[in-house]
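Here are the chains, one letter per residue:
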Amino acid sequence: MTTKIPVNTIPRTLRAALLKKVTSDLYTLQSQRKDAPTFILHDGPPYANGALHLGHALNKILKDIVNRVQILDGKRVVFIPGWDCHGLPIELKALQQKHGVKPADPLKNPTAAAVEMGKSMTALEIRSMARELAQGTIGEQMKEFQQWAVMADWEGKYVTMDKDYEILQLQVFREMVKRGLVYRRFRPVYWSPSSGSALAEAELEYNPQHVSKAAFIKFPVLGQVAGEDGVSAVIWTTTPWTIPANKAVAVGSDMEYCIVQSASHGKLLVAKERLEYLGTVVEGDLRIIKSKILGKDLVGLCYTHPLLPADVLAHPIISADFVSADSGTGLVHLAPGHGMDDYLVCLTHNIAPFSPVDNNGCYTTDTLPELHGKEVLYGGTKAVLELLKSSGALLHLQKKFLHKYPCDWRTKRPVIVRATAQWFADAESIKADAVSALEDVRFIPETGKGRLAAFVKGRSEWCISRQRAWGVPIPALYDTATGEPLLTESSVDHIISVLKTHGTDSWFSPDVADELFVAPEYTGNGKTYTRGKETMDVWFDSGTSWATLSSRLNTPVTADLYLEGTDQHRGWFQSSLITSIAARSSAPYKQVLTHGFVLDGSGRKMSKSLGNVISPTDVTTRHPHDVGISTPTRAHAAIQKVDILRLWVAHCDFTKDVTIGQTVLTHIHEVLRKARVTSRYCLGILNDWDGTYTPYSSLSAIDKLALAQLWGINESVRAALATYNFNKAVSLLTAYTSTELSAFYLDVIKDRVYSSLPSSPQRRAAQTVAAYILRNYLSLLSPIIPLLAAESWSHAPAALISSTPHEEREMLRFFSPQAEWDNHDLLSDFARLTVVHTAVKQCIERAKTAGQIKVNLETDVQVVVPPRGMARELVERYREDLEALWIVSGVEVVGEMEEMETRWRETESFMLFPGEWGAVRVRQAKGRKCVRCWVYKAPHEGGVCPRCVGVLKEMGVEGWS
């Protein structure tokens, strides 16, 4: 009984052919199911700017398992892989490569250096470099995805920088313009001075240990406050650089305030609940001279700005709901040009935003001369504090105040909030429809629904413009005389028609006249127009990818599934929902599945600084004990063991963060080894099988039990796979391999397989069941580790291949157990007999411990049960199977204890049914070891048992008796 399948890995010559078979060939085959139900998994496009990491592996392999399960269920899968190609990260990386800036250069920030270099280049030069970088990266990433046995329509991939995709994106934009959902407004946005661009919330990271200078500042109030003259309102801020843009002070309408006397600073207005805190930072005693002043009584008062001339218009004190007594002084400095809350509350009072800060984060000439050109976060903050100190307005300075602060996710540098003229998508007017649409969407895990709904509810506007060259242009024209924008449905439609012909690069080309982009209806109005220089947010790029599905399939499409990391609730899931609701009034997906992040074996985030980064190649080529260490102790595998990577993905509970390290991978290697050994063993059993399946009615109880177990594992694993519970499927298969196969059926049939006549009904029955087991086993493994399944089929004997349906062999259909195998009575009976078996094993173990025997076959078993009753009936029913089931040399059933002539015996009692006791007596086998089958039934030492004598005669071997 032999097979050629290797124990550990696939030969290089076979791997390429198998990889093609289970990926491109399989995708093509299933695509030909024209009448089958369609399953569309829409690929969230990875960013085309670097090497793949384990997060990519987790994501793409999960998608592949989902698709394979759907194919096995008889569906036609549509999986078009995509790539996100525009945006700042690719632009910066291209600039770094162009100018030789090394990412690890300790002397300068490579991102900031790249931004500076880009300022001296034309938009077309930058776009050309970025496109080349993205194109090369796509090729590299696609090759690695394919090496992971991920099947997809690779030739039909969608790429956000392709002209066809860009046109579809612009058409979605046009629909939003048509519905009045796009507008331009001067309001605060997150601005990255290090990148020179506006940022969306999803492009931010938060540094919990950011150090700021926090200041207590007093603003002189005009007139009397509660009958007191010379009172100053005290505010506290962690952004002193925004003081020059102050336009108002906010109080809590129902909060209680008081006036205190300070020897050093005069009369100060502060919230009563914050007085104690103020006393800890201001020198000298603070004596209350007026109290019980409500915030509503302060509204309408005015104050003077401490840094502005006295003749400048005074600023008002207003009320705001967000003012609290949790921190600061209970009075909030408002700079509507530098804070969203400030902007919104000031908007209700017709207070316009003021932002004297340029694209580089430096003060402009619109503010104090002493501040011109200074970076607001650094020299500008220092200069403002010096001015406040010299004017006597600075009460106290906290030089190192630690707090959470937003940073640019790419440059890692702090961002600011700055009012600029930007293009926005109106999320407020469609958020109710968007949230309502989520009610019909299934989320896995279910918590994802509330998470996404919260993000949508919390968003009123979406800043969709970016000040970059590499992206899809916002198709807006501007009046050269007034700067007023022109953005109408007809204008956008005309611009799209031009870009269809000339490509989006033409928008940035100085050789293309502005007049080409002006729609005929606007050419005779006496105005001249110029093109804008802004591009769309990359989340708008990827967020409109649903449009490419509809275009490819020539029908409006709602994807069956979106599957991405949990961070995409505020990213791709949200942007896709908003654009789809805005343009076509429906959600883009029916199901949303999210997975966690990949952590190292200790549960830490992977980073180069910690030295704990594990790459997908490390997993597929290194010994598990060498994963995660800098100097491997063993040679790398010559061929990638992709099944290890895929099995790790399936083994994870992806609904939360997953870990990878030596312990996990050692376990995964062992699981895969057992799967290979099991497949190999079954193939060996079937090596001389003729392909004739023994009828179910002719099988033994043990054979039928194995088929009942097969039915159960098929049903439970398929249910787990269908509900995306892949780790449960792996766990069930692992337990089945060890318990029902290795420790039971494949063990108990060894005697039949090795010792019976090749044509004997008992051996043919075992081969029949082994064939069913292998077919089911490979079918259930195939969506997880398809290479092993394909490799096993490549070594399958002709009889197995010819007797197996084509769609099952090609992984197009699950193996389907026969209904009669679902035998609950049989399972129940053998579950009861386990009680007897346990007693037998206890006796055998005691005999081994005492040195009486070495193997089970050295024993005979006597089962003692009363002659009447359910226990006796059960044991008698399966009496012929007990010898094979327990792997002993003899079993007899008696009604009472009998004297035994034996040099040793072990006894153990049991209870099969309530009140029905029995016992087993294990003793030395009566016969001698058969030199052929090793069962102790030979008449003398060196002899052959009667069964083997008959087999040898049938085989023409004489001389045995």
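Computed from a predicted model, the values in this text were never measured in an experiment. All residue numbers refer to positions counted from 1 along the written sequence of the respective chain. The predicted origin of the model limits local features to residues at a pLDDT of at least 70 and limits the giving and counting of side-chain atom pairs to 80 or more, whereas totals for whole chains, interfaces and linings rest on all residues. In computing side-chain values, all of the structure's heavy atoms are included and hydrogens and water are not.

**Notes on the overall build of the chain**
Right, so step 1: When helices and strands are counted, the chain shows 31 helices and 34 strands.
Right, so step 2: Here the C-alpha atoms of the chain give a radius of gyration of 38 Å, more than 25% beyond the 30 Å that 2.2 N^0.38 yields for 961 residues.
Right, so step 3: The C-alpha extent of the chain, read off along each of the three principal axes, is 125 × 70 × 50 Å.
Right, so step 4: Put simply, the chain has 961 residues, and 56% of those count as buried. In this text, helices come from DSSP runs of H or I with a minimum length of four residues, and strands from runs of E with a minimum of two, each type numbered from the N-terminal end. Throughout, the radius of gyration refers to the C-alpha atoms, and the reference size of a globule is 2.2 Å times the residue count to the power 0.38. Exposed residues in this analysis have more than 50% of their type's maximum accessible area, buried residues have under 20%, and partly exposed residues fall in between, with area computed by a 1.4 Å probe over protein chains only.

**Some details on the pairing of strand E17 (residues 416-426)**
Right, so step 1: Counting buried residues in E17 gives nine out of 11 residues, a clear majority hidden from the surface.
Right, so step 2: Where strand E5 (residues 182-192) and E17 come together, 10 bridges link them in antiparallel fashion. By the bridge assignment, valine 182 is partnered in E17 with alanine 425.
Right, so step 3: A strand pair is defined by DSSP finding two or more bridges across the two strands. Alignment of E17 against strand E19 (residues 461-463), held across three bridges, turns out to be antiparallel.

**A look at the sheet that holds strand E13 (residues 302-303)**
As a general point, the strands of a sheet are linked pairwise by backbone hydrogen bonds and lie either parallel or antiparallel.
Right, so step 1: With respect to topology, four strands assemble into an open sheet ordered E13-E14-E9-E15, the strand pairing being mixed. A strand with exactly one partner marks an edge of an open sheet, and here the two such strands are E13 and strand E15 (331-334).
Right, so step 2: Strand direction decides the pairing type here: strand E9 (residues 248-251) and strand E14 (residues 315-319), joined by three bridges, are parallel. Bridge pairing in E14 places alanine 250 opposite isoleucine 318.
Right, so step 3: In the packing of helix H9 (residues 340-347) onto the sheet, contacts are made with E14 and E15, and the angle to E15 comes to roughly 90 degrees. Residue contacts follow a heavy-atom distance rule, with two residues in contact if any of their heavy atoms lie within 4.5 Å. Angles here are taken between N-to-C directions and fall from 0 to 180 degrees, while the axes themselves are lines fitted to C-alpha atoms, restricted in helices to the stretch in contact.

**Structural notes on the confidence of the model for the chain**
Right, so step 1: The pLDDT value tells you how sure the predictor is about a given residue, anywhere from 0 up to 100. Scored by pLDDT, the chain has a mean of 91; 96% of the residues are at 70 or more.
Right, so step 2: Low pLDDT, under 50, characterises residues 1-7; the predicted model gives this stretch 25 contacts beyond four residues in sequence or across chains.

**Quick word on the packing of aromatic side chains**
Right, so step 1: Stacked, edge-to-face and tilted are the three classes for Phe, Tyr and Trp ring pairs, Trp counted by its six-membered ring, which pair at centre distances within 6.5 Å; planes under 30 degrees apart are stacked, over 60 edge-to-face, the rest tilted. Under the criterion given, the structure shown has 25 aromatic pairs.
Right, so step 2: Where phenylalanine 219 meets tyrosine 303, the ring centres are 5.1 Å apart and the plane angle is 15 degrees; that geometry is what we call stacked. In this pair, phenylalanine 219 is assigned in strand E7 (residues 204-220) and tyrosine 303 in strand E13, connecting sequence segments 84 residues apart.
Right, so step 3: Looking at phenylalanine 219, the relative accessible area reads 0%, which means it is buried.
Right, so step 4: Overall, tyrosine 303 belongs to the buried group, its relative accessible area being 1%.
Right, so step 5: Measuring from centroid to centroid gives 6.5 Å for tyrosine 724 and phenylalanine 726, while their planes differ by 90 degrees, and the two rings are edge-to-face.

**Quick notes on a positive patch on the surface**
Right, so step 1: A cluster of basic residues, Lys213, Lys382, Lys389, Lys399 and Lys400, forms a positive patch on the protein surface.
Right, so step 2: Counting residues per element, the ones that place at least two in the positive patch are helix H10 (376-390) and strand E16 (394-408).
Right, so step 3: In this structure, lysine 389 sits in helix H10.
Right, so step 4: Owing to a relative accessible area of 65%, lysine 389 belongs among the exposed residues under this scheme. Any residue with relative accessible area above 30% and no salt bridge may belong to a patch, with like charges joined within 9 Å and the nonpolar Val, Leu, Ile, Met, Phe, Trp and Tyr side chains within 5 Å. Each accessible area value is a Shrake-Rupley result obtained with a 1.4 Å probe; residue values ignore everything except the protein chains displayed when judging cover. The salt bridge definition used is simple: a Lys or Arg side-chain nitrogen within 4 Å of an Asp or Glu carboxyl oxygen. None of His or the chain ends enter the tally, which takes Lys and Arg as positive and Asp and Glu as negative. By convention, the point assigned to a charge is CZ for Arg, NZ for Lys, CD for Glu and CG for Asp.

**Description of the nonpolar core**
Right, so step 1: Residue types Ala, Val, Leu, Ile, Met, Phe, Trp, Tyr and Cys, when buried and joined through side-chain atoms within 4.5 Å, form a set referred to as a nonpolar core. Membership of the largest hydrophobic core comes to 164 residues, with the highest contact counts inside it found for Leu54, Trp648, Tyr745, Val863 and Trp886.
Right, so step 2: Element by element, the count of residues in this core is highest for helix H24 (residues 761-781), at 12 residues.
Right, so step 3: Beyond its immediate stretch of four places on either side in the chain, tyrosine 745 contacts Ile702, Asp703, Ala706, Glu740, Arg752, Ala765, Ala766, Val769 and Ile773.
Right, so step 4: One finds Phe173, Tyr478, Val512 and Val592 within the second-largest nonpolar core, a separate group that totals 68 residues.

**Points about the pattern of salt bridges**
Right, so step 1: Enumeration according to the criterion identifies 46 salt bridges in this entry.
Right, so step 2: The residue arginine 676 makes a salt bridge to glutamate 791 at a minimum N-O spacing of 2.9 Å. Of this pair, arginine 676 sits in helix H20 (residues 662-685) while glutamate 791 sits in helix H25 (residues 786-794), and the two are 115 residues apart along the sequence. Grouping residues by exposure puts arginine 676 and glutamate 791 together as buried.
Right, so step 3: For aspartate 829, the salt bridge is made with arginine 877, and the minimal N-O distance between the two is 2.5 Å. With aspartate 829 in helix H28 (residues 824-849) and arginine 877 in helix H29 (residues 870-877), the pair connects residues that are 48 residues apart, well separated along the chain.
Right, so step 4: Assessed through its relative accessible area of 13%, aspartate 829 is described here as buried.
Right, so step 5: Under the relative-accessibility criterion, arginine 877 is labelled partly exposed at 40%.
Right, so step 6: Where salt bridges share partners, they join Asp43, Lys60, Lys63 and Glu564 into one cluster.

**Focus on the side chain of glutamate 228**
Right, so step 1: Looking at the secondary structure, you find glutamate 228 in the loop between E7 and strand E8 (231-237).
Right, so step 2: The exposure class of glutamate 228 is buried, given its relative accessible area of 16%.
Right, so step 3: Contacts of glutamate 228, omitting those with residues within four sequence positions, involve Gly223, Ile259, Lys267, Ile289 and Lys290.

**Some words on the environment of threonine 329**
Right, so step 1: Counting through the fold element by element, threonine 329 comes out in the loop between E14 and E15.
Right, so step 2: Take threonine 329: its relative accessible area is 1%, and that puts it in the buried class.
Right, so step 3: Not counting chain neighbours up to four residues away, the residues in contact with threonine 329 comprise Phe216, Val234, Ile235, Trp236, Val270, Ala271 and Arg274.
Right, so step 4: For threonine 329, the side chain forms a polar contact with the main-chain oxygen of valine 234, separated by 2.5 Å. Polar contact is the term for a pair of N or O atoms within 3.5 Å; when the atoms are in protein, one must be able to donate a hydrogen and the other to accept it, and sequence-neighboring residues count only if both atoms are side-chain atoms.

**Things to note about the sheet that holds strand E30 (residues 890-894)**
Right, so step 1: Taking strand neighbours across the sheet as the criterion, the four strands line up as E30-E29-E32-E31 in an open arrangement whose pairing is mixed. Looking at strand neighbours, the two that pair on one side only are E30 and strand E31 (905-913), the edges of this open sheet. Strand-to-strand twist across the sheet, computed as the mean angle between neighbouring axes with direction ignored, equals 20 degrees.
Right, so step 2: As paired elements, strand E29 (residues 859-864) and strand E32 (residues 916-924) share six bridges and run antiparallel to each other. Paired with threonine 859 across the bridge in E32 is glutamine 924.
Right, so step 3: Packed onto the sheet, H28 meets E29, E31 and E32 and runs at close to 165 degrees relative to E31.
Right, so step 4: Sheet strands touched by H29: E29, E30, E31 and E32. Its angle to E31, the strand with the most contacts, is close to 110 degrees.

**Here we look at the pairing of E29**
Right, so step 1: The buried fraction of E29 amounts to six of the six residues, a majority that puts the element mostly inside the structure.
Right, so step 2: With burial as the criterion, each face of E29 is covered, one bearing Thr859, Val861 and Val863 and the other bearing Asp860, Gln862 and Val864.
Right, so step 3: Examined bridge by bridge, E29 and E30 share five bridges and lie parallel to one another. Paired with valine 863 across the strands is valine 893, a residue of E30.

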